[in-house]
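Residue-level listing of the chains:
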2 protein chains.
Amino acid sequence: MCILYTCNYTSSVSYAENLCCSYPCQNGGVCLTKGFNDYECDCTSTDFYGRYCEVPTFTKRIKLWLKPSPSTLHNLLIGNKWFWDIVNSIPFIRKFIMKRVYTIRSDIIDSPPTYDNEHSYITVDANYNLSFFTRTLPPVPIECPTPMGVAGQTKLPDIDELVQKLFVREKFKPEPRGTSALFSFYAQHFTHQFFKTDIKRGPQYQWGGHGVDMTHVYGKDKHDEHLLRSHTDGKLKFQTINDEDWPPFNKDVGVEMKYILPVQKDNDFALGHSFFGNLPGLFMYATIWMREHNRVCDVMRKAHPDWDDERLFQTGKLILLGSTIRITVEEYIQQLSNYNFKLLFDPTLLFGEPFQYQNRVALEFNHLYHWHPLMPDDFNIGGTNYTIKDFLVNPKLVIKHGMANFVDSLSKQNAGSITVKNHGKYTLAVVKELMKHGRTLRLQSFNNYRKRFNLPAHKSFQELTGNKKLAKVLENFYGDIDAVEFYVGLITEKRRPKAVFGETIVEMGAPYSVKGIMANPICSPKYWKPSTFGGDVGWEIVNTATLKKLFCQNLKENCPEVSFKVPNFVEEQDKPLDYCDGDCQQHGGEL
Amino acid sequence: MCILYTCNYTSSVSYAENLCCSYPCQNGGVCLTKGFNDYECDCTSTDFYGRYCEVPTFTKRIKLWLKPSPSTLHNLLIGNKWFWDIVNSIPFIRKFIMKRVYTIRSDIIDSPPTYDNEHSYITVDANYNLSFFTRTLPPVPIECPTPMGVAGQTKLPDIDELVQKLFVREKFKPEPRGTSALFSFYAQHFTHQFFKTDIKRGPQYQWGGHGVDMTHVYGKDKHDEHLLRSHTDGKLKFQTINDEDWPPFNKDVGVEMKYILPVQKDNDFALGHSFFGNLPGLFMYATIWMREHNRVCDVMRKAHPDWDDERLFQTGKLILLGSTIRITVEEYIQQLSNYNFKLLFDPTLLFGEPFQYQNRVALEFNHLYHWHPLMPDDFNIGGTNYTIKDFLVNPKLVIKHGMANFVDSLSKQNAGSITVKNHGKYTLAVVKELMKHGRTLRLQSFNNYRKRFNLPAHKSFQELTGNKKLAKVLENFYGDIDAVEFYVGLITEKRRPKAVFGETIVEMGAPYSVKGIMANPICSPKYWKPSTFGGDVGWEIVNTATLKKLFCQNLKENCPEVSFKVPNFVEEQDKPLDYCDGDCQQHGGEL
């Protein structure tokens, strides 16, 4: 039996149980079975109608006709530098475009959230149960004939084999846009405040606050926050070593820290996030934000000599939150987009729009953000070479080399490329776990996610990868392009011109990111005003924050290199996706 | 020292510490100290400017000039029946007005929430810490010279004296609009799903989901929900007694129930809310919603024979949520508003508006909703008289009389009037606790709340109460009209013409209610469609739910009286507020 739109499969399994397994409804229509032998598509609020919600309304038809494709937009944004130089220099045009970026991206994300990890339909719990990650697409119903619904085989490929053939790094592939290792650790440090899987309860559970809440700096809850605070002048506890301020040892604080290897006493620091003692790069960011907080408290105490410790602390936290978001939008996302359009963090652009100031972290966003290929195999810090193994559970390396030296070195070091066969040895266990979780939680196919995010489904493995050899490997694994798993699709997809990623990571990641950031309460009209940040002085800090200032205002030495892009990096011409399997040394990637 | 706008006090206390204690900023401007001797008002996003944010912008001036006052609007809505009969019969006009009701009311509530109970300024925690009630106005800073800032005396009146003089019921005052006891228990049953003070942690904490989440029917969490479920055909557990379905005994279920007196075994039922075994009226609602859920499951199983227990259960829950909201808006709020305009529950009216589909229960809303005077001293059930004491921890009374008899009796019985000197004996402990909590959490003055909700501050005790004797009593307690406590102001305020309440309860309560209800996720565009409720059959139930159907579709007998208003009640002419103190029998209220 073959339902329209999903007929490119052959399956001998009977699936009379649930006709919705073939995902017949298009354009966001909701499939509802009518007994065992029929179904209907609910097209309400989709701007489409018809049996499969396949016919656009007249207005929608015009909109679709006028709307440029994602790849046209991408090409516009990465090229035409002269054009964007003009646009960037005219504030009202820049703001007009930025507003469109905010609304077009964030409109794609359902808010309030709709699905959870345990039901293939809407439930009350999907909204009210905050201990769940949300789901953008619901799980594939358990009664469906194949793990992807009806496409593909009844059994998914062996995970070890997949990892071996698709993910294992044989030779290090550098990120071709010159993204630095400083960027990699920023990504990890920033996102771990909201990607918090509560693995003891199961991969569908999380223990965070579903947003940019600065818990990675101030601790997971009020209890830890109090432990980390000095309760004097608003400041966080610190210690001085080698004439620099560092986080205190945890024996003097007592927050919960978790290490992946046994930890030495002089490596056990008290940090906002329990994981951040595991890597010097994370420890570096934890330190610099701690210093920034204490610096801001000094500034605010001067402006408000009447304020007590509590108010200085709370206002410092708000200022750091604002600074974090500005740096994330204007420098971090700028680097990963590689657009010539200069991104802008300006919450006022959304005032009066039907934008929801609430966020829920999606399981799919968490999976998508598994950017472990960014991590190189070794790091050159001030001339000394360290392997990843030397880095593990060894934060004191930062103290040894000093903050300036450390940030300088990471700025000058190329991150890894997010592509096939570029997961370093120490990240393989993570990607295996990830694949398992995706299956346990019955993630829909990569192509279903493309459609959900307004992208055409890939029609062939060649179209997905742009590489014959890799296409063949994938075909052997999955048989059907509509059966490719989510994370596999993301990583094996061909890179876009002049981009850091393939199309899907950007077209999915950007909506989640923009939504997550702009939905922060400080971006809402009642928060976004000088008094929230302690008046003009704090407001100025938030509105002029940069990554360079973050580091250099908290260093006694001269300002080192602080950059998300390796300085003087010369981008090569775009090359097709590079795939080799056990034969990398011989001939590199075959096309 | 006397700051503009709050000069009607005399205080010898120095308050050089915080000039914001006098609340100098108007119209939502945020006061920020500048050292010890100065302050500024942040007027951002208020549509006002000037030192105190006292000057409206040109556009705002015109809006204010065009905007009718709350009392003009009230008089329009309670009178002119012929006019409203026409309006109610023309759908597009009715919808136009209802949309204005939704937006005007809900715009008053800050969303995302801004304040918590522990800071007089915005914090990150105010948004992210869900265990707090939110605050609409922040607490009075602790360093202020008086509990209300600068107004009034340094010490608030003795609570026992206040309660004696203002709240103790000497003779029962019936609700003058004919509101029934069925209404009282609806209010209590419905609101207890989100008014959940976590008193062990402190009055600022709560243990609920901040909205209409049906936890009062299905249990406080997934664990309790599973205990209450039969896991067959989606249904909740029940038992049959006297040929009627009732909730099971808790010995067979094991959820946590809390009783205010020792409970007999045959009175200990398993209900969604731990408190609902304490009163037969609550037990009645718990039972009828349980029956309705099971009835809906039967209906849905017929429409979807392919569905499993889980899907029937989850869809039943969504349908009951939709039905609850419709009954609450179109019948419950209709009754308490006493408007001639026929209220409408239509979520589509807010689609495309900058309305926030999120809600946070405010401490002030919880305090405002302490409507204990609604409870009469005794109940006539099918001819037998029961005192409140007979009612306590005695749910089996409902079983004894039967559901039909019980709901009929409550429908015909007049509730108490929400006014001074009308708190029954058994509710006095509650109101004392409430007053204490208001002080611990440093609630701002009644007049500050009036201003926050766009009402002019009362200028005298006479203006507040409309009753000379009561005005004198209040003046003796507080000295200054700007020092009157929040709950005291609400209860002592004169009743509006033809209304159930004084002006402030309505002008504050309506925004909280409308916001809380319409912000429910099911009202958002992705939820509000037939498929969410299991298709046309469920959609029809949600769209035609009434209180009468809720009861009568779940009774085997003929349909009894089911009404929020006592049938054939003849409203008397409005009388001024009735206040007497120990001399009620002699002369009633003196004016």
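Look up: the structure comes first, before these words.
This structure is a prediction, so every number in the text was calculated from the model and none was measured.

A few words now on the overall build of chain A. Helix and strand counts for chain A stand at 24 helices and eight strands. Against the globule reference of 25 Å for 591 residues, chain A gives a C-alpha radius of gyration of 24 Å, in line with a compact fold. Counting only residues that meet the buried cut, chain A has 62% of its 591 residues in that class. For chain A, long-range pairs separated by at least 24 residues make up 70% of all intrachain contacts whose partners lie at least 6 apart in sequence. Surface accessibility of chain A: about 22800 Å² in total, with carbon and sulfur atoms responsible for 55%.

On to the interface of chain B and chain A, then. A common measure of how large an interface is: the accessible area buried when the components associate. Each partner contributes residues to the interface: chain B has 65 residues there, and chain A has 65 residues. Here chain B meets chain A over a buried area of about 5300 Å², counting both sides, of which 57% is carbon and sulfur. In this structure, the connection of chain B to chain A is made through six salt bridges. Between Asp110 of chain A and Lys526 of chain B there is a salt bridge; the shortest N-O distance is 3.6 Å. In this structure, the connection of chain B to chain A is made through 30 residue pairs in polar contact (both at pLDDT 80 or more).

This part is about unusual backbone geometry. All names here are of chain A. Residue Pro112 is bonded to the preceding Ser111 through a cis peptide linkage, with omega at 5 degrees. Along the chain, the position of Pro112 falls in the loop between helix 4 (91-107) and helix 5 (125-128). Phi angles above zero are rare outside glycine, and Cys53 is one such case at about 55 degrees. Summarising the element assignment, Cys53 is placed in the loop between strand 3 (48-49) and strand 4 (55-56). What makes Cys53 buried here is its relative accessible area of 0%.

What follows covers the nonpolar core. One broad rule of soluble globular proteins: the nonpolar side chains tend to lie buried together. Residue and element names in this part refer to chain B. Counting residues in each nonpolar core, the largest one holds 162 residues, and the members touching the most others are Leu182, Met284, Tyr285, Tyr332, Trp371 and Phe551. Broken down by element, this core gets its largest block of residues, 12 residues, from helix 11 (residues 309-337). When sequence neighbours within four positions are dropped, the list of residues in contact with Leu182 reads Met284, Tyr285, Val407, Leu410, Ser411, Leu547, Phe551, Val562, Ser563 and Phe564.

Turning our attention to the pairing of strand 2 (residues 38-42) of chain A. With five bridges connecting them, strand 1 (residues 30-34) of chain A and strand 2 of chain A associate as antiparallel partners. Note that in strand 2 of chain A the partner of Thr33 of chain A across the bridge is Tyr39 of chain A.

Moving on, we come to a nonpolar patch on the surface. Residues and elements named next belong to chain A. Residues Leu73, Leu76, Trp82, Phe83 and Ile86 make up a contiguous nonpolar surface patch of roughly 480 Å² in combined accessible area. Among the secondary structure elements, those contributing two or more residues to the nonpolar patch are helix 2 (70-78) and helix 3 (81-89). At three residues, helix 3 tops the list of elements feeding residues into the nonpolar patch. Relative to the helices and strands, Trp82 is located in helix 3.

With that settled, the discussion passes to helix 3 of chain A. Residues and elements named next belong to chain A. Taken together, the buried positions of helix 3 are occupied by Trp84, Val87 and Asn88. Within helix 3, the buried residues cover an arc of 95 degrees as seen down the axis, which keeps them to one side. In this structure, helix 3 carries Trp82 and Ser89 as exposed residues pointing more than 90 degrees from its buried face. Check the buried side of helix 3 and you find it contacts helix 2 and helix 4.

Relative to the elements of secondary structure, Asn447 of chain B occurs in helix 17 (residues 446-452). In terms of polar contacts, Asn447 of chain B uses its side chain to reach the side chain of Asp482 of chain B, at 2.8 Å.

Bringing the relation of the copies chain B and chain A into the picture now. Superposition of the two copies of the chain requires a rotation about an axis and a shift along the axis. Once chain B has been moved 0.0 Å along the axis and rotated by 180 degrees, it coincides with chain A to within an RMSD of 0.0 Å. Accordingly, the operation relating the two chain copies is best matched by a two-fold axis. Across chain B, the smallest distance between a C-alpha and the rotation axis is recorded for Pro354 of chain B, namely 1.8 Å. Counting the interface residues of chain B, we find that 100% of their copies in chain A are interface residues as well, pointing to one common contact surface.

Residues and elements named next belong to chain B. Its place among the elements puts Glu503 in helix 21 (residues 503-518). When its relative accessible area of 14% is taken as the criterion, Glu503 is described as buried. With residues up to four places along the chain from it excluded, the contact list for Glu503 reads Pro70, Ser71, Arg450, Leu455, Glu493, Lys494 and Arg496.

Another aspect to go through is the state of the cysteines. This model, assessed by the stated rule, comprises 10 disulfides over all chains. One disulfide bridge connects Cys21 of chain A with Cys144 of chain A, the sulfur atoms lying 1.9 Å from each other. Where Cys21 of chain A bonds to Cys144 of chain A through sulfur, the torsion about that S-S bond is close to -85 degrees, and the disulfide is left-handed. Residue Cys21 of chain A is located in the segment before strand 1, and its partner Cys144 of chain A is located in the loop between helix 5 and helix 6 (159-167); the two are separated by 123 residues in the primary sequence. The side chain of Cys552 of chain A participates in a disulfide bridge whose partner is Cys559 of chain A; the two sulfur atoms lie 1.8 Å from each other. Taking the sign of the S-S torsion, 60 degrees for the link of Cys552 of chain A and Cys559 of chain A, the bridge is right-handed. Free of any disulfide, Cys297 of chain B has its nearest neighbouring cysteine sulfur in Cys20 of chain A, separated by 20 Å.

Glancing now at the pairing of strand 8 (residues 384-387) of chain B. All names here are of chain B. The pairing of strand 7 (residues 378-381) with strand 8 spans four bridges and is antiparallel. If you follow Asp378 over to strand 8, its bridge partner there is Thr387. As consecutive antiparallel partners, strand 7 and strand 8 are separated by two residues, and within that stretch Gly382 has a phi angle of approximately 50 degrees, a positive value.

As enumerated under the stated definition, the model contains 77 aromatic pairs over all chains in all. When the centroid spacing of 4.9 Å and the interplanar angle of 25 degrees are considered together, the rings of Phe365 of chain A and Tyr512 of chain A count as stacked. Of the two residues, Phe365 of chain A is situated in helix 12 (residues 363-368) and Tyr512 of chain A in helix 21 (residues 503-518); the sequence distance between them amounts to 147 residues. Per residue, the accessibility class of Phe365 of chain A equals that of Tyr512 of chain A, and both read buried. Consider the rings of Tyr218 of chain B and Phe313 of chain B, whose centres lie 5.5 Å apart with planes at 90 degrees: the pair is edge-to-face. Placement of the pair is Tyr218 of chain B in helix 8 (residues 215-218) and Phe313 of chain B in helix 11, with a sequence separation of 95 residues. Just as Tyr218 of chain B is buried, Phe313 of chain B falls in that class too. Across the ring face of Phe313 of chain B, the terminal group of Arg229 of chain B is positioned such that the distance to the ring centre comes to 3.9 Å.

Conventions and cut-offs
Residue numbers restart at each chain and count upward from 1, following the sequence in its written direction. Working convention: letters from A go to chains and numbers from 1 go to ligands, in the order in which they are written. Per-residue local features are limited, in this predicted model, to residues with pLDDT of at least 70; the limit for side-chain atom pairs, both in listing and counting, is 80 or more; totals at the level of whole chains, interfaces and linings are taken over all residues. Only hydrogens and water are set aside; all other atoms, that is, all heavy atoms of the structure, feed into the side-chain values. For the purposes of this entry, the term helix denotes a DSSP run of H or I that reaches at least four residues, the term strand denotes a run of E that reaches at least two, and both are numbered from the N terminus. The globule rule used for comparison is 2.2 Å times the number of residues to the exponent 0.38, while the radius of gyration itself is calculated over C-alpha atoms. Buried, partly exposed and exposed residues are distinguished by accessible area as a fraction of the type maximum, computed with a 1.4 Å probe on protein chains only: under 20%, between the cut-offs, and over 50%, respectively. By definition in these notes, contact holds between two residues if any of their heavy atoms fall within 4.5 Å. Each accessible area is a Shrake-Rupley result for a 1.4 Å probe, and residues are judged covered by the shown protein chains and nothing else. When two components associate, each loses some accessible surface as probed by a 1.4 Å sphere; the sum of these losses over both components is called the buried area. We define a salt bridge as a side-chain nitrogen of Lys or Arg found within 4 Å of a carboxyl oxygen belonging to Asp or Glu. Counting of polar contacts relies on pairs of N or O atoms within 3.5 Å, with two restrictions inside protein: one atom must be capable of donating a hydrogen and the other of accepting it, and residues adjacent in sequence are counted only when both atoms are side-chain atoms. Residues belong to one nonpolar core when they are buried, are Ala, Val, Leu, Ile, Met, Phe, Trp, Tyr or Cys, and are joined through side-chain atoms within 4.5 Å. Two strands pair under a simple rule: DSSP has to find at least two bridges between them. Distance thresholds for patches are 9 Å for like charges and 5 Å for nonpolar side chains (Val, Leu, Ile, Met, Phe, Trp, Tyr), applied to residues having over 30% relative accessible area and no salt bridge. As used here, the arc belongs to the directions running from the helix axis to the C-beta atoms. A least-squares fit on C-alpha atoms brings the copies together, and the residues used are those whose pLDDT is at least 70 in both copies. Disulfide: a pair of cysteine sulfur atoms within 2.5 Å of each other. Note on aromatic contacts: the rings of Phe and Tyr and the six-membered ring of Trp form a pair at centre separations within 6.5 Å, being stacked when their planes are under 30 degrees apart, edge-to-face when over 60 apart, and tilted otherwise. Comment: the charge-over-ring label is applied if NZ (Lys) or CZ (Arg) is within 6 Å of the ring centre and within 35 degrees of the ring normal.

Distances and angles like these do not, on their own, reveal function.
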